[in-house]
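Tertiary structure, described
The primary structure of each chain is shown beneath.
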Amino acid sequence: MADLKEKVAVVTGAARYRGIGRAIALRLARDGADVVVSARGGGNVPDHELEMGWQGTASLVGEIEGMGRRALAIECDVTDRAQVADLIDGTLKAFGRLDIVVNNAGVPSGAGATPVVSMDDEEWLHTVDVNLNGVYHVSKAGARAMIDAGNGGAIVNLSSTAGRVGMANYGAYSATKFAVIGLTQQMAVELAPSGIRVNCICPGSTDTDMMDGTFRRVAGLVGTEFERIKKGVRRQVPLGRQGDVSEQAAAVAFLASDDASYITGQTLNVDGGLRMD
């Protein structure tokens, strides 16, 4: 367990119950951090969340506070610079500091069934805006706050194994996730003199609603059953299974902690051994 006591973290894209963002926020809180969770308002809510009465980031705040940590939910569309500014300013106003930024917000962009040549241009631009520009906006605003405070800090970005190698029919998703790795490396060099580390993880197939959506799109494209696609992916992974969201969260917590104090500009695959580059 990393020691994040007296640290304050911001986690974007944290509304979904089965999502990686929620798992990251809970792990950071478990390790001692106070956590600001954010997500864009609106959007489709999975049926299982409606049935259980899950209220997105509001429910997540309750979970974190139940662990004895302070928490705050701030609605934020990461493509909107004004809302991003409010997210960082709101964090500083509530908790007086910012030590960790986790860029988890992202959209799948029809991943698994959208070839570039037939992709809708607006969907392409929207994906770039969320998956790349959103990371830029939040990292920029967060880094400025950290520089002003003079205490260093850590930024952890989420890319994907689809950002390691080009994948057919992944629309804009693969391209934006490649770009996140490049942005991570550039910011790591630029922010190192300020004691701010910037790293990245590439989740492989992880048991989330978002991943299930990709499986369903692939199944529809090739004309087979959802479970058959899911089992096929598991067979390709050396460890023989999908990842759990808690395993992605553990990698983020490590990179955000002082245990990773000499690590910056790196991208870690968390994929059960699927890729070894």
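Residues numbered from 1 in each chain as written. Predicted model: local features only at pLDDT ≥ 70, side-chain atom pairs only at ≥ 80, totals over all residues. Heavy atoms only, no water.

1. Overview of the overall build of the protein
Selection rule: Each helix is a run of H or I in the DSSP string that is no shorter than four residues. Each strand is a run of E no shorter than two, and both are numbered from the N terminus. Two things to know: the radius of gyration comes from C-alpha atoms, and the globule rule equals 2.2 Å times the number of residues to the power 0.38. The buried label applies to any residue whose accessible area, calculated with a 1.4 Å probe on protein chains only, is under 20% of its type's maximum; exposed applies above 50%, and partly exposed to all values in between. Note on definitions: a residue-residue contact is assigned when non-hydrogen atoms from the two residues lie within 4.5 Å. Method for areas: the Shrake-Rupley scheme with a 1.4 Å probe, in which residue coverage is limited to the protein chains shown. The convention is simple: Lys and Arg are positive, Asp and Glu are negative, and His and the chain ends are not counted. Charged side chains are reduced to one point each, which is NZ for Lys, CZ for Arg, CG for Asp and CD for Glu.
Per the secondary structure count, the protein includes 9 helices and 7 strands. Here the protein has a C-alpha radius of gyration of 18 Å; the compact-globule value for 277 residues is 19 Å, and the two agree. With respect to the principal axes defined by its C-alpha atoms, the protein has extents near 55 × 40 × 40 Å. Relative to its 277 residues, the protein shows a buried fraction of 51%. At a minimum sequence separation of 6, the contacts of the protein that also span at least 24 residues come to 75%. Counting only carbon and sulfur atoms, one obtains 50% of the accessible surface of the protein, whose full area is about 12700 Å². If you average the places of the 27 positive and of the 33 negative side-chain charges in the protein, the two averages end up 4 Å apart.

2. Details of the pattern of salt bridges
Formally: We define a salt bridge as a side-chain nitrogen of Lys or Arg found within 4 Å of a carboxyl oxygen belonging to Asp or Glu.
In this structure the tally under the stated criterion is 14 salt bridges. Measuring nitrogen to oxygen at the nearest pair gives 3.1 Å for the salt bridge that ties arginine 27 to aspartate 31. The two residues arginine 27 and aspartate 31 agree in class, both being buried. Here the salt bridges share partners, and the residues they tie into one network are Arg18, Asp207, Asp209, Asp212 and Lys230.

3. A short note on the packing of helix α1 (residues 20-30) against helix α3 (residues 57-66)
Rules: Every angle, taken between N-to-C directions, lies between 0 and 180 degrees, and every axis is a line fitted to C-alpha atoms, over only the stretch in contact when it is a helix. Our angle categories are set so that under 35 degrees counts as roughly parallel, over 145 as roughly antiparallel, 65 to 115 as roughly perpendicular, and the remainder as oblique. Helix crossings get a hand from a simple test, with the near helix turned counterclockwise from the far one by less than a right angle marking a left-handed crossing and a clockwise turn marking a right-handed one. Residue classes follow a fixed rule: Ala, Val, Leu, Ile, Met, Phe, Trp, Tyr, Cys and Pro count as nonpolar, while Asp, Glu, Lys and Arg count as charged, and any other residue, Gly among them, counts as polar.
In contact at an axis separation of 9 Å, α1 and α3 are set at 20 degrees when each is read in the N-to-C sense. Put simply, α1 runs roughly parallel to α3. Handedness of the crossing formed by α1 with α3: right-handed. Side by side, α1 and α3 meet where Arg22, Ala25, Leu26 and Ala29 of the first sit next to Leu60, Glu63 and Ile64 of the second. Class assignment of the residues belonging to the contact of α1 with α3 gives a composition of 5 nonpolar, no polar and 2 charged.

4. Structural notes on the sheet that holds strand β5 (residues 153-158)
Basically, it comes down to this: Pairing between strands is defined by DSSP: at least two bridges between the two strands are required.
Spatially, 7 strands are ordered β3-β2-β1-β4-β5-β6-β7 in an open sheet, and the strand pairing comes out parallel. Bordering the open sheet on either side are β3 (71-75) and β7 (267-270), each of which pairs with just one other strand. Going across the sheet, the axis of each strand differs from the next one's by a mean of 20 degrees, ignoring polarity. Here strand β6 (residues 196-203) runs beside β7; their pairing, made up of 4 bridges, is parallel. Paired with cysteine 202 across the strands is asparagine 269, a residue of β7. Along the sheet, α1 makes contact with β1 (8-11), β2 (34-39), β4 (100-103), β5 and β6, crossing β1 at roughly 175 degrees. The strands touched by helix α6 (residues 173-191) within the sheet are β5, β6 and β7, with β6 carrying the most contacts at an inclination of about 160 degrees.

5. Brief notes about the environment of isoleucine 155
Mapped onto the fold, isoleucine 155 is located in strand β5. Residues isoleucine 155 and valine 84, spaced 71 residues apart in sequence, show a C-alpha to C-alpha distance of 15 Å. Once you skip the residues sitting within four places of it in the chain, isoleucine 155 turns out to touch Val101, Asn103, Ser139, Ala143, Met146, Leu191, Ile196, Arg197, Val198 and Asn199.

6. Here's the deal with the packing of aromatic side chains
As a reminder of what qualifies: Note on aromatic contacts: the rings of Phe and Tyr and the six-membered ring of Trp form a pair at centre separations within 6.5 Å, being stacked when their planes are under 30 degrees apart, edge-to-face when over 60 apart, and tilted otherwise. Two conditions define a charge located above a ring, namely a distance within 6 Å from the ring centre to NZ of Lys or CZ of Arg, and an angle within 35 degrees of the ring normal.
For the structure shown, the criterion picks out 3 aromatic pairs. If you follow arginine 22 out to its NZ or CZ, it ends over the ring of tyrosine 17, 4.0 Å from the centre.

7. Points about the pairing of β2
Stated precisely, the cut-off is as follows: The handedness of a crossover follows from its direction of travel: if, with the strands pointing away from the viewer, the path from the first strand over the helix to the second runs clockwise, the crossover is right-handed.
Among the 6 residues of β2, 6 are classified as buried, and the element is accordingly described as predominantly covered. By the alternation rule, side chains of β2 split into Asp34, Val36 and Ser38 and Val35, Val37 and Ala39, which are all buried. For the crossover that starts at β1, traverses α1 and ends in the parallel β2, the hand is right-handed.

8. Quick look at helix α5 (residues 121-149)
The line we're drawing: A helix is expected to span 1.5 Å for every residue after the first. The bend reported for a residue corresponds to the angle between axes fitted to the seven residues ending at that residue and the seven starting there. Here a polar contact is taken to be a pair of N or O atoms separated by no more than 3.5 Å, where protein atoms must pair a possible hydrogen donor with a possible acceptor and residues adjacent in sequence count only if both atoms sit in side chains.
Over its 29 residues, α5 runs 41 Å from end to end, which matches the ideal 42 Å to within 8%, given 1.5 Å per residue. The largest bend along α5 reaches roughly 40 degrees and is located at asparagine 133. Inspection of α5 places Thr127, Val130, Asn131, Gly134, Val135, His137, Val138, Ser139, Gly142, Ala143, Ala145 and Met146 among the buried residues, and these make up the whole buried set. Against the buried residues of α5 lie α4 (81-95), β4, β5, α6 and β6. The distance from a side-chain oxygen at the start of α5 to the backbone nitrogen of glutamate 122 is 3.0 Å, and the residue carrying that oxygen is aspartate 120. Glycine 150 occupies a position one or two residues after α5 and carries a positive phi of about 75 degrees.

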